[in-house]
Every structure is written in structure tokens, then in C-alpha cells.
Amino acid sequence: MSSLLRHEGMALSEAMAFGLSSALAFAYLPFVRLNGLPLIAYRMPPGAIISGLNRGLHLGARFETFRSRQAGMERLDALLDAGKLVGLQTSIYWLPYIPRALRFHFNAHNLLVYGREGDEYLVSDPVAETVVRCARSDLERARFAKGVLAPKGRLYYLTRPPAVADWGKLGRGALTRTARIMLHTPLPLIGVRGIRWLARSVERLPLDDAGDAARLYIGHIVRMQEEIGTGGAGFRFMYASFLQELAAASGYAALDGLAGRLVMIGDRWQDFALAAARMIKHRAPLEPPKLAERLRELALEEKGFFRDLDEARRAWPH
Amino acid sequence: MRERDVPQEVNALLEGHRKAVYAVGDDGKLRIVASRGWEVEETVTRQAVEHLERCAQEARRRVLAGQSSPLEYHMYRARMDVALLAQAAGLWRWRVRRHFRPEVFARLPQHLRQRYAAALGLEPVALDQVD
């Protein structure tokens, strides 16, 4: 997203884009199954980041999905020929440049295509450090993968250069929305309450079959937390970085202190991952209630944090 | 996480890729630091991969024992489950499960083999082999 904006002539860091679009979240969705395990998200879906920014910066973002593979590929080619930078939602499984071990059927992967040479596309992917090339047939398969959150060839691009932003106003709006998502979503599965629901499901994990199923479940939580993108703790750090940048851009210093607190919460998420990994590797006895306890503490800390964030937002001098 | 605490425990599964992570520098500011991997991540990724490999090997044993069809083996090889394979092939789940029966799979019509092959990213002839 940050690169999309840079292409349109606006320097905005990844962290700012993440924070301003209110992308930080938590969701535990037991009815969405990935290989039989629940979907646990630590941020909003990627489309939300673009539409969130679109709202504040008036970018004229367009989203398109396609019924036919051919139409989807032709549209991509046409946009590239017109000099557009195009974002794509894909499955990560069918992308050959991704390390084999990381290729699962996960459909909410996002990448950026900025050119084409014959049958190869030039791709900028957050997983790869450098620009990679991807063959047309592979990209087509990745864009039209089936399953949970199927991308249906979804692509997006910007049609207007970004408007000059009033950081204070944008920032206030973004903080309001994030606090609302984390504290006041009516569904108990979203936000801080979602963390508690997850804790409850961890606590109730059955320990028959020598704990294999429980270990898989715990491993899955950590994988959703750490492996996807910068990871769950990573998103907490990224949001902290946004708070620091926003403090600097708007001169509202109270946000700096909050950033420090969020870093500590991120550290606690990493401690949770470490404790879980030790149980998976049989280095520590398998005790799901202990992990549930950690999750509850995290829920409590995040609740306090977002309350204070909301408080600081209200005290923000206009 | 402090900048100097960013894990650099070479994660073989990343195949030399590095990951961007946010960490606090000495000036108290967060910045992006490249990490070569964290053991915790490697543990859980390996766990997931090994679980799917175990499923594939068990399916393979069943195929060789005549209790299942190669389709089940290839499904796990492609890291899929019945729900995903059914969606990818555009069939009902019960049909996919039925095609796990060796005698049903043996007389699978060509157009269905084609669909499975496309869904799994294989050549239709490769569907019969369990290497």
C-alpha cells in the first residue's frame, strides 16, 4: 500500500498507512475454517487498509473482481499497459517464488504488480525482499484460487493523486475507529473480547490423543500470529510505530507514551508465542490453561491500552 | 522488542529470505529491521508442514493397501483438505469423498480427472501415481 502511494507521489510509511486506515484489530472466527482450524486475525483484511486510506486521502481507489480468469488477466494487462501499479489479492500457495514451507492455502495474500515482460510479471511482494518475477500461468492460478476468502481475481489501483492531508484530523479519526473496533464491536468475537473467546477455546482443548490435536491448535494460533506478514505481535509494533510517527507529524506528544506501552504489549504477545512453541516442542508440559491465562492477561492489557488511547484522542487539542 | 533483540536464528524454512520486523532502536524510535528468522516461527511452520506430510504418508499407505485412492494422497500433497479440493474442483464434498474409493476412482471419467488435475496443479496422468 505504501508503494502504491509512493507511485502516486506521496511518501507515506507502511506504518502510517496501517495506522491511518485503522487496520489494527483482533478477530477470532471459529466458523471460518482453514484446514479445520479457526481463522484468527490480528488486523483488518487487506482490502480494508486501502479503503480506509481511501476515505481520508481521497485516492479514488478501485476494486475489481472477475468471474472469468481470462477477463481478469486481460484487465491486469490493460492496467499495466496504462502505467498503473496494480495490487492483487492472491493465494500464497501457488506463488512459486515463496519458500516451499510457507506455501499454504491462505487466500488473503497481497502483492503489487508493476510491470510485465512477455509472459512474466514483475512483482513486489512483502515476503520477498527484492523484486521477483512470476509466470503468467502461476499468477493466474494464484489469483483465482478457490476456498476460504477466495480472491476471485481481485485487483485494486488508485485513480487520483492523494490529497494533501491534515494529519491531526486523519489521525483522530483513525484512533477513534481503532478504539471502537477493539472495545465496542457488538460481536464478542472481535476486538478485546475476541481474545477472551480465544482464551476460552484454548482452555477447553481436549488432551486425549496425547495432546496432538491441542498442539496443532496452539501451533495454528502462533502461526496466524507470527508467520502471516509481520505477524500479530508485529502488527502491534507496527501500530506503535504509527503512533510515534503521528506524534511527530502532529506534535501531540501523549501518543509517544502510548507507543511505548504498545511495544510492551507486543513483547507479551511474543512471550505467549514462545511459551506455546515450548509446549509444541515438548520442552515444557502441555498446559493449555496456562496459555489461556496469558491470553486473558493480554486481553486485559489491550483493553486498558485502547481505553487510554481513546482517552488521549479525546484530550487531543484541536 | 529492542533492535538488538531481533531474533537472527537462521530459519531454514525461509530459504535465505529475510523478514522485516519492527524494533525499538537506542533512540527509543521504532524502525524496520531485517530478521533472518525466529525459532518459534520455524517450530510452528515445521509443525504444520509435518502434519500435512504425515497425512499424505498415511494416505499413501492406505492407497498401497487398496483402502483408498491416489486422489486422497494427492490432496494432502497439495496441502488441501476435502472442503478445499471440492471447491477447487467444483464438486460436492461427498463426491470427492466417494472418489477416494479405489474402485470408483479406477473408472473416473476423463473430464473429472481433468478437473482434479487442474485443481491440484498436476498432469492428469500423474493422478494415478503415488511416488
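See above for the structure.
Given the structure is predicted, the values throughout are model-derived calculations rather than measurements. (Residues numbered from 1 in each chain as written. Chains lettered and ligands numbered in written order. Predicted model: local features only at pLDDT ≥ 70, side-chain atom pairs only at ≥ 80, totals over all residues. Heavy atoms only, no water.)

1. Looking at the packing of aromatic side chains
All names here are of chain A.
- Counted by the stated rule, this structure contains 11 aromatic pairs over all chains.
- A ring pair is formed by F26 and Y42, whose centres lie 5.3 Å apart and whose planes are at 90 degrees; its orientation type is edge-to-face. Taken together, the positions of F26 in strand β1 (residues 24-34) and Y42 in strand β2 (residues 37-43) put the pair 16 residues apart, joining distant regions of the chain. By the burial criterion, F26 is buried, and Y42 matches it.
- Each ring, one from W269 and one from F272, has its centre 6.2 Å from the other, and the planes form 90 degrees; the classification is edge-to-face. Linking W269 with F272, this pair stays in helix α10 (residues 254-280), spanning three residues, or about one helical turn.
- The exposure class assigned to F272 is buried, which follows from its relative accessible area of 1%.
- Taken together, the ring pairs connect F18, F235, Y239 and F242 into an aromatic cluster.
- Here R172 stacks its cationic end above the ring of W316, 5.2 Å away from the centre of that ring.
- Sitting over the ring of F104, R223 keeps its end group 4.4 Å from the ring centre. (Phe/Tyr/Trp six-rings, centres within 6.5 Å; stacked < 30°, edge-to-face > 60°. Helix = DSSP H or I, 4+ residues; strand = E, 2+ residues; numbered from the N terminus. Buried < 20%, exposed > 50% of the residue type's maximum accessible area, 1.4 Å probe, protein only. Lys NZ or Arg CZ within 6 Å of the ring centre and 35° of its normal.)

2. Concerning the interface of chain A and chain B
- The interface of chain A with chain B comprises 45 residues on the first partner and 39 residues on the second.
- When chain A packs against chain B, close to 3,600 Å² is buried across both sides, 58% of that on carbon and sulfur atoms.
- Applying the counting criterion to the chain A and chain B interface returns three salt bridges.
- The interface formed by chain A and chain B holds 14 residue pairs in polar contact (both at pLDDT 80 or more) in total.
- Of all the secondary structure elements, the ones that give two or more residues to the side of chain A that touches chain B are α2 (14-20), α8 (212-226), α9 (232-250) and α10 of chain A. (Contact = heavy atoms within 4.5 Å. Buried area = accessible area lost by both parts, 1.4 Å probe. Salt bridge = Lys/Arg side-chain N within 4 Å of Asp/Glu carboxyl O. Polar contact = N/O pair within 3.5 Å; in protein donor to acceptor, adjacent residues only side chain to side chain.)

3. What about the sheet that holds strand β8 (residues 155-157) of chain A?
Residue and element names in this part refer to chain A.
- Spatially, the six strands line up as an open sheet ordered β3-β8-β4-β5-β6-β7, and their pairing is antiparallel. This sheet does not close on itself; its edge strands, each paired only once, are β3 (62-64) and β7 (132-135). Direction aside, neighbouring strands of the sheet carry axes that sit 35 degrees apart on average.
- Pairing analysis gives five bridges linking strand β4 (residues 86-90) to strand β5 (residues 109-117), with the strands arranged antiparallel. What sits directly across from V86, in β5, is V113. (Pairing = 2+ DSSP bridges. Axes fitted to C-alpha atoms, helices over the stretch in contact; angles between N-to-C directions.)

4. Some remarks on the pattern of salt bridges
Residue and element names in this part refer to chain A.
- In total, this model carries 26 salt bridges over all chains according to the counting rule given.
- Taking the shortest distance from any N to any O, the salt bridge between R69 and E140 comes out at 3.6 Å. One end of the pair, R69, is in helix α4 (residues 69-81); the other, E140, is in helix α5 (residues 136-143), and 71 residues separate them in sequence.
- For R69, a relative accessible area of 38% gives the class partly exposed.
- A single salt-bridge network, built from bridges that share partners, covers D310, E311, R313 and R314.

5. So, α5(A)
Residues and elements named next belong to chain A.
- Within the span of α5, buried status applies to L139, E140, A142 and R143. On an axial view of α5, the arc spanned by its buried residues comes to 165 degrees, and they lie on one face.
- In this structure, the buried side of α5 is in contact with α4, β4, β5, β6 (120-124), β7 and β8. (Arc of directions from axis to C-beta.)

6. Concerning the pairing of strand β2 (residues 30-35) of chain B
Residue and element names in this part refer to chain B.
- Pairing between strand β1 (residues 19-24) and β2: six bridges, direction antiparallel. Directly across from V24, in β2, lies its bridge partner L30.
- Where β1 hands over to β2, the hairpin turn is made up of five residues, of which G28 adopts a positive phi near 85 degrees.

7. Some thoughts on the layout of surface pockets
All names here are of chain A.
- By volume, the second largest pocket amounts to about 480 Å³.
- A41, R43, M44, P45 and P46 are the residues nearest the centre of the second largest pocket, which is lined by 25 residues in total.
- Of all the elements in the fold, those that place two or more residues in the lining of the second largest pocket are β1, β2 and α3 (46-57).
- For the lining of the second largest pocket, the element with the highest residue contribution is β2, accounting for five residues.
- Among the residues making up the lining of the second largest pocket, the classes are represented as 20 nonpolar, three polar and two charged. (1 Å grid on protein atoms, 1.4 Å probe; cavity = no way out; pocket = protein on both sides within 12 Å on 5 of 7 lines; lining within 4 Å. Points joined across faces, edges and corners; volume = space filled by probe spheres on them. Nonpolar A, V, L, I, M, F, W, Y, C, P; charged D, E, K, R; others polar.)

By themselves these figures say nothing about function.
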